[in-house]
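Structure assessment
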Amino acid sequence: MTQPEQHFHDPSNITNPEHASHHIVTPAQYALVFASLLAGTALTVVAANIDLGVFNPIIALGIASTKMVIVILFFMHVKYQSHLIKATVAAGFFMFLVLITMTLSDYISRAWGLW
Amino acid sequence: MDSAIANTQVDHDTAEHEHVVLPQHRHHFATEEQQREAGSFGMWLFLLTEIMFFGGLFFAYLLYRNWYYDAFVAASNQLSVPLGAANTAILISSGFFMALAVWASEVRKKAMLVVFLILTILFGVAFLGIKAVEYHEKYEKHHIPGASFDASQFINPSAYGLNEKPLPPDMAQKTQMFFFLYFAMTGMHALHMVIGLGLLFWLLARAQKGDFTSGYVAPIENFGLYWHFVDIVWLFLFPLLYLINRHPLAH
């Protein structure tokens, strides 16, 4: 990570409080991401047509999650963002998982006959 | 009040902090980098509320899929994998061109930015076009939940030439739950795309005026975050709705 140029004395670090360096992702990197996302789509269709029992949904979600992480890191530039932005994104997904887990535990412990 | 405005003006002119003031730079941010980061932060907070919004739909899907699994499999197999996979590729392409649009804006290439925004729009419209074809097929087959829903092909699949497990009438009715979630989730996703396309036309008009190729990237960048988020929702919708179990008679 390269620090941005500083043209004047900045002892209290006002210019760049989050130590964010402005990074431009190149078209070549985007093309690589694009190709990997297309490959992931093909892979998920192929995997769905093979009978893997309980592993079918696990693999499908695994591929979708991998694609999501690639999109977030590169298309959405989170890999090159400050800790503040990274923590914000992570907090959102963590909160989502907490809510899913808590709601699911409620349903699982009620309608016994249906599970 | 007038004097307050005048005072603010004076304060601004006597600039305490020494830095080059670019036209897009708001005076309450110490630096442009700080302004940019605050903008990204705000956009991400909005996207977090969107995660929670779609999350509710995904949770409903998870629950009903477990309760009415056989109905979900039979109903899911009525969706077209070629159309769904093609739409996934189209949406990824749209996202790719949006990413390139952000790059063009960063390196200040106006003509390229305009071209990439147009390509983003074209692929977005193509996605909605295929979605409309799929919705129309559901209408023709009476697979839209409600009074005119027809569950007969799930009760007696062989009469319709389908290689599916026949469902008891009560379970066959539960296919409506799948189609309800299918329309709710893809419909809400499509609504986000329609809103996105509206914003894209606005960004395109401003990009043609050169608004985003003189160092002011924030609207393009933040719209890109929104567009990629909508892509991510679809990356999950495709396997969860179209590919539940493509070999229903295996077990």
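See the structure printed just above.
Below is a summary of the structure that appears in this document.

Our focus in this paragraph is the overall build of chain A. Helix and strand counts for chain A stand at three helices and zero strands. Split into buried and exposed, the 115 residues of chain A put 33% on the buried side. Contacts in chain A between residues far apart in sequence, at least 24 positions, make up 44% of those at least 6 positions apart. Surface summary for chain A: the accessible area is close to 6900 Å², and the carbon and sulfur share equals 73%.

Met76 of chain A together with Trp44, Met98, Leu117 and Phe178 of chain B are the most contacted members of the largest nonpolar core, which totals 100 residues. The element best represented in this core is helix α9 (residues 218-242) of chain B, accounting for 17 residues. Here Leu117 of chain B is in contact with Met98, Ala101, Leu200, Leu203, Leu204, Ala207 and Ile220 of chain B, once residues within four sequence places are set aside.

Many authors give the size of an interface as the accessible area that is lost as the parts come together. Contacts between the two partners involve 49 residues from chain B and, on the opposite side, 56 residues from chain A. In total, about 4600 Å² of surface goes out of reach between chain B and chain A, with carbon and sulfur atoms giving 79% of it. When residues of chain B are sorted by the area they lose upon contact with chain A, Glu37, Trp44 and Trp67 of chain B head the list and together hold 14% of the total. Here chain B is connected to chain A by zero salt bridges. Counting every contact that joins chain B to chain A gives five residue pairs in polar contact (both at pLDDT 80 or more). If you list the elements that add at least two residues to the side of chain B that touches chain A, you get α2 (32-67), α4 (81-106) and α9 of chain B.

Peptide bonds are, in most cases, trans, and in most cases residues other than glycine have a negative phi. Residue and element names in this part refer to chain B. A positive phi angle is found at Arg108, which is not glycine, with a value near 60°. Structurally, Arg108 can be placed in the loop between α4 and α5 (110-140). For Arg108, a relative accessible area of 52% corresponds to the exposed category. With phi around 60°, His142 is a residue other than glycine that occupies positive phi space.

Attention shifts here to helix α8 (residues 175-208) of chain B. Its 34 residues place the ends of α8 of chain B 48 Å apart at the C-alpha level, agreeing with the 50 Å of an ideal helix rising 1.5 Å per residue. Immediately downstream of α8 of chain B, the backbone of Gly210 of chain B shows phi near 90°, a positive value.

Our next topic: the packing of α8 of chain B against α9 of chain B. Residue and element names in this part refer to chain B. Two elements in contact, α8 and α9, have axes whose closest approach is 10 Å; the angle formed by their N-to-C orientations is 160°. The angle between α8 and α9 places the two elements in the roughly antiparallel class. Like other packed secondary-structure pairs, α8 and α9 cross with a definite hand, here left-handed. For the contact of α8 with α9, the per-class residue count stands at 20 nonpolar, four polar and no charged.

Take the packing of aromatic side chains next. Residues and elements named next belong to chain B. Counted under the stated rule, the structure contains 28 aromatic pairs over all chains. An angle of 80° between the planes, with centres 5.3 Å apart, marks the rings of Phe53 and Phe54 as edge-to-face. Residue class for Phe53 comes out partly exposed when judged on its relative accessible area of 39%. According to the relative accessible area criterion, Phe54 is buried, its value standing at 5%. Ring centres of Tyr182 and Phe183 lie 5.1 Å apart, and the angle between their planes is 70°; on these two criteria the pair is classed as edge-to-face. Classification of Tyr182 as buried rests on a relative accessible area of 0%. For the cation-ring pair, Lys174 lies above Tyr68, with the distance from its terminal atom to the ring centre recorded as 5.3 Å.

Residues and elements named next belong to chain B. By the element assignment, Ala184 lies in helix α8. With a relative accessible area of 22%, Ala184 lands in the partly exposed category. Taking the C-alpha atoms as reference points, Ala184 and Leu57, 127 residues apart in sequence, are found 7.9 Å from one another.

The next thing to look at is a nonpolar patch on the surface. Residues and elements named next belong to chain A. On the surface, a cluster of nonpolar side chains totalling about 630 Å² of accessible area is made up of Val46, Ile50, Leu52, Val54, Phe55, Ile58 and Ile59. The dominant element in the nonpolar patch, judged by the number of residues it contributes, is helix α2 (residues 55-75), at three residues. In this structure, Phe55 sits in helix α2.

Residue and element names in this part refer to chain A. Overall, the coordinates contain eight salt bridges over all chains when judged by the stated rule. Across the pair Asp106 and Arg110 runs a salt bridge whose closest N-O atoms are separated by 2.7 Å. Residue Arg110 is classed as exposed on the basis of its relative accessible area of 58%.

About the criteria used
- Residues numbered from 1 in each chain as written.
- Chains lettered and ligands numbered in written order.
- Predicted model: local features only at pLDDT ≥ 70, side-chain atom pairs only at ≥ 80, totals over all residues.
- Heavy atoms only, no water.
- Helix = DSSP H or I, 4+ residues; strand = E, 2+ residues; numbered from the N terminus.
- Buried < 20%, exposed > 50% of the residue type's maximum accessible area, 1.4 Å probe, protein only.
- Contact = heavy atoms within 4.5 Å.
- Areas by Shrake-Rupley, 256 points an atom, 1.4 Å probe, with all protein chains shown as cover.
- Core = buried A, V, L, I, M, F, W, Y, C linked by side-chain atoms within 4.5 Å.
- Buried area = accessible area lost by both parts, 1.4 Å probe.
- Salt bridge = Lys/Arg side-chain N within 4 Å of Asp/Glu carboxyl O.
- Polar contact = N/O pair within 3.5 Å; in protein donor to acceptor, adjacent residues only side chain to side chain.
- Expected span 1.5 Å × (residues − 1).
- Axes fitted to C-alpha atoms, helices over the stretch in contact; angles between N-to-C directions.
- Parallel < 35°, antiparallel > 145°, perpendicular 65-115°, else oblique.
- Left-handed = near helix turned anticlockwise from the far one by under 90°.
- Nonpolar A, V, L, I, M, F, W, Y, C, P; charged D, E, K, R; others polar.
- Phe/Tyr/Trp six-rings, centres within 6.5 Å; stacked < 30°, edge-to-face > 60°.
- Lys NZ or Arg CZ within 6 Å of the ring centre and 35° of its normal.
- Patch = residues over 30% accessible without salt bridge, like charges linked within 9 Å, V, L, I, M, F, W, Y side chains within 5 Å.

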